[in-house]
Amino acid sequence: MEEDESTANISQFSLSTTLLAAMADGYASEVSSRRNAMDNASKNAGDMISKFTILYNRTRQAVITNELVDIITGASSLD
């Protein structure tokens, strides 16, 4: 009887450890997926900020250049 009980205990322990390992793997996979998603979102946000900063600076520079051209054109027409 004792051998059957030991076998049953070992089999229950094996099943329990297998289920625990599967749950731990699932959790680790979920955490990894979330981390990758957040990393990708952060990189995309950084790229967008860089693109909009360049666009803003180019637009600002174009406005300044146009104002300078207007000033120079106005000054040369007075001569």
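In what follows, the structure referred to is the one given above.
Residues numbered from 1 in each chain as written. Predicted model: local features only at pLDDT ≥ 70, side-chain atom pairs only at ≥ 80, totals over all residues. Heavy atoms only, no water.

### Overview of the overall build of the chain
A count of helices and strands for the chain gives one helix and zero strands. A compact globule built from 79 residues would reach a C-alpha radius of gyration of about 12 Å, whereas the chain, at 34 Å, exceeds it by more than 25%. If one aligns the C-alpha atoms of the chain with their principal axes, the spans along those axes are about 115 × 5 × 5 Å. Only carbon and sulfur atoms are counted for the fraction: they give 62% of the accessible area of the chain, which is about 7,300 Å². Measuring between centres, the 6 positive side-chain charges of the chain sit 18 Å from its 11 negative side-chain charges. (Helix = DSSP H or I, 4+ residues; strand = E, 2+ residues; numbered from the N terminus. Rg over C-alpha atoms; globule rule 2.2 N^0.38 Å. Areas by Shrake-Rupley, 256 points an atom, 1.4 Å probe, with all protein chains shown as cover. Lys, Arg positive; Asp, Glu negative; His and termini not counted. Charge placed at Lys NZ, Arg CZ, Asp CG, Glu CD.)

### Some remarks on the pattern of salt bridges
Taken as a whole, this structure holds two salt bridges when the rule is applied. A salt bridge links Glu 30 to Arg 34; the nearest nitrogen and oxygen atoms lie 2.7 Å apart. In this pair, Glu 30 and Arg 34 are both assigned in helix 1 (residues 2–78), four residues apart and thus about one turn of the helix distant. Since its relative accessible area comes to 38%, Glu 30 is described here as partly exposed. Across the salt bridge formed by Lys 43 and Asp 39, the nearest N and O atoms sit 3.6 Å from each other. Of the two residues, Lys 43 and Asp 39 are both situated in helix 1; the distance of four residues between them amounts to about one turn of the helix. (Salt bridge = Lys/Arg side-chain N within 4 Å of Asp/Glu carboxyl O. Buried < 20%, exposed > 50% of the residue type's maximum accessible area, 1.4 Å probe, protein only.)

### A word on a nonpolar patch on the surface
A cluster of nonpolar side chains, namely Ile 64, Leu 68, Ile 71 and Ile 72, defines an oily patch on the protein surface of about 390 Å² accessible area. For Ile 72, the location among the structural elements is in helix 1. (Patch = residues over 30% accessible without salt bridge, like charges linked within 9 Å, V, L, I, M, F, W, Y side chains within 5 Å.)

### Focus on the environment of Gln 61
With respect to the helices, strands and loops of the structure, Gln 61 is situated in helix 1. A residue is classified by how much of its surface remains accessible, and Gln 61, at 44% relative accessible area, is partly exposed. As a C-alpha pair, Gln 61 and Ser 29 span 32 residues in sequence and 48 Å in three-dimensional space.

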